[in-house]
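Structure at a glance
The lines below spell out each chain.
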Amino acid sequence: RKEVEQDPGPFNVPEGATVAFNCTYSNSASQSFFWYRQDCRKEPKLLMSVYSSGNEDGRFTAQLNRASQYISLLIRDSKLSDSATYLCVVNGNSGNTPLVFGKGTRLSVIA
Amino acid sequence: NAGVTQTPKFRILKIGQSMTLQCTQDMNHNYMYWYRQDPGMGLKLIYYSVGAGITDKGEVPNGYNVSRSTTEDFPLRLELAAPSQTSVYFCASSRGQGGDAFFGQGTRLTVV
């Protein structure tokens, strides 16, 4: 099983739609979880951290399910500007190992 | 606040040439990373460092070397460039292992 797995998409949704992405991770000892956004030909940027109790930032909601080892990202009222690749990120296996990135899920919001 | 700065932004190398990709951060982060991203693919970790004087291999270290003599700088050296090293290279830094990472704008490298 890969460390971090995501459905690559693409997800093509109309403006105003609600869309959800899931991500599974293999290391049950992982402690930190994030969603990053990457625009075409740009660097990844932090979208939001994911907390155990779930958290919301405007139209974005992140959830963590430790028992099933997955995290999710829900985007409500999609905007054209939400079109990007969304990367699931988990901290590494042990000690000093760094963040592990999923390959990303591509979202296209269509007018 | 500059964050993470990478130079150069673009470079074309001939097979067998060498070069150093520069990365510097001004956030006093202990952790620094080098990733490569091939077209349409995810990020692959090349090398990382948890502090000055300490470096470790990532998933794809072959053909690369790094050094970390200061907290701020983490250069990536390509020896004997090969076409397989054509990619976009991202440097990143974070406060700690669990901290969120900040990325530079990337270096687009083509080896011909």
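Overview of the structure.

Further remarks concern the state of the cysteines. If you walk through the whole model with that rule in mind, you get two disulfides over all chains. A:Cys23 shares a disulfide with A:Cys88; S-S distance 1.9 Å. Taking the torsion about the S-S bond as the criterion, the A:Cys23 to A:Cys88 disulfide, at about -70°, is left-handed. Residue A:Cys23 is found in strand S3 (residues 19–25), and its partner A:Cys88 is found in strand S9 (residues 84–90); the two are separated by 65 residues along the sequence. Through a disulfide, B:Cys23 is tied to B:Cys91; the S-S separation comes to 1.8 Å. Since a negative S-S torsion denotes a left-handed disulfide, the B:Cys23-B:Cys91 link at about -70° is left-handed. In this pair, B:Cys23 is assigned in strand S3 (residues 19–25) and B:Cys91 in strand S9 (residues 87–94), connecting sequence segments 68 residues apart. By relative accessible area, which is 2% here, B:Cys23 ends up buried. The class for B:Cys91 is buried, based on a relative accessible area of 0%.

Oppositely charged side chains are able to pair whenever their charged atoms sit close together. Residue and element names in this part refer to chain A. For the coordinates displayed, the defined rule picks out six salt bridges over all chains. With a closest N to O distance of 2.8 Å, Arg37 and Asp39 form a salt bridge. Of the residues examined, Asp39 reaches a relative accessible area of 30% and is grouped as partly exposed. Ionic pairing is found between Glu56 and Arg76, a salt bridge with its closest N-O pair at 3.5 Å.

Take the nonpolar core next. If you look at the biggest cluster of nonpolar residues, it comprises 24 residues, and the most contacted ones within it are A:Phe21, A:Trp35, A:Ile71, A:Leu73, A:Ile75, A:Tyr86 and A:Leu107. Counting residues per element, the ones that place at least two in this core are S3, strand S4 (33–38), strand S7 (60–65), strand S8 (70–75), S9 and strand S11 (105–110) of chain A. Sequence-distant contacts of A:Leu107, defined by excluding residues within four places in its chain, comprise A:Phe11, A:Val13, A:Val19, A:Phe21, A:Ile75, A:Asp82, A:Ser83, A:Ala84 and A:Tyr86. Residues B:Met32, B:Trp34, B:Tyr64 and B:Cys91 belong to the second largest nonpolar core, which totals 19 residues.

Right, let's get into the interface of chain B and chain A. At the junction of the two partners, chain B supplies 20 residues and chain A supplies 20 residues. For the pair chain B and chain A, the two sides together bury roughly 1,700 Å², of which 54% comes from carbon and sulfur. Inspection of the region where chain B meets chain A yields four residue pairs in polar contact (both at pLDDT 80 or more). Those elements that place two or more of their residues in the side of chain B that touches chain A are strand S4 (31–37), strand S5 (43–51) and strand S10 (101–103) of chain B.

The subject of this paragraph is the sheet that holds strand S1 (residues 4–7) of chain B. All names here are of chain B. One open sheet holds the four strands; their spatial order is S1-S3-S8-S7, and the pairing between them is antiparallel. With one partner strand each, in any of the chains shown, S1 and strand S7 (64–66) form the two edges of the open sheet. Put simply, the sheet's adjacent strands are angled 20° from each other on average, direction ignored. Two strands pair when backbone bridges link them, and S1 and S3 are joined in this way by four bridges, in the antiparallel orientation. Of the residues in S3, the one forming a bridge with Gln6 is Cys23.

This brings us to the environment of A:Leu46. All names here are of chain A. Its place among the elements puts Leu46 in strand S5 (residues 45–49). For Leu46, a relative accessible area of 34% translates into the label partly exposed. Along the primary structure Leu46 and Trp35 are separated by 11 residues, whereas in three dimensions their C-alpha atoms are 6.4 Å apart.

The next subject is the pairing of S5(B). Residue and element names in this part refer to chain B. Of all nine residues in S5, eight are buried, a share of seventy percent or more. Inspection of the sheet shows S4 paired to S5 by six bridges, in the antiparallel sense. Paired with Met32 across the strands is Ser49, a residue of S5. Hairpin remark: S4 followed by S5, antiparallel, with five residues in the connecting loop; positive phi at Gly40, about 70°. Pairing geometry for S5 and strand S6 (residues 54–57), over three bridges, is antiparallel. Following the sheet pairing, Tyr47 is matched in S6 by Lys57.

Calculation criteria
Starting afresh in each chain, residues are numbered from 1 along the sequence in its written order. Key to labels: chains lettered from A, ligands numbered from 1, both in the order written. Two thresholds apply to this predicted model, a pLDDT of at least 70 for residue-level local features and 80 or more for giving and counting side-chain atom pairs, whereas whole-chain, interface and lining totals are computed over all residues. Side-chain calculation: all heavy atoms of the structure are included, whereas hydrogens and water are not. The disulfide definition used here is simple: a pair of cysteine sulfur atoms within 2.5 Å. A run of H or I in DSSP counts as a helix once it spans at least four residues, and a run of E counts as a strand once it spans at least two, with each numbered from the N terminus. Each residue is placed in one exposure class: buried if its accessible area under a 1.4 Å probe, protein chains only, is under 20% of its type's maximum, exposed if it is over 50%, and partly exposed if it falls in between. Counted as salt bridges are all cases of a side-chain nitrogen of Lys or Arg within 4 Å of a carboxyl oxygen of Asp or Glu. The definition of a nonpolar core used throughout is a set of buried Ala, Val, Leu, Ile, Met, Phe, Trp, Tyr and Cys residues joined through side-chain atoms within 4.5 Å. It only takes one pair of heavy atoms within 4.5 Å for two residues to be counted as in contact. What counts as buried area is the accessible surface, traced by a 1.4 Å probe, that two parts surrender upon association, with contributions from both included. Side-chain atoms alone can form a polar contact between residues adjacent in sequence; in general such a contact is a pair of N or O atoms within 3.5 Å, and within protein one must be able to donate a hydrogen while the other accepts it. By this definition, two strands are paired if DSSP reports at least two bridges between them. Angles shown run from 0 to 180 degrees and are taken between the N-to-C directions of axes, each axis being a line fitted to C-alpha atoms and, for helices, limited to the stretch in contact.

Treat this as a map of the structure, not an account of what it does.
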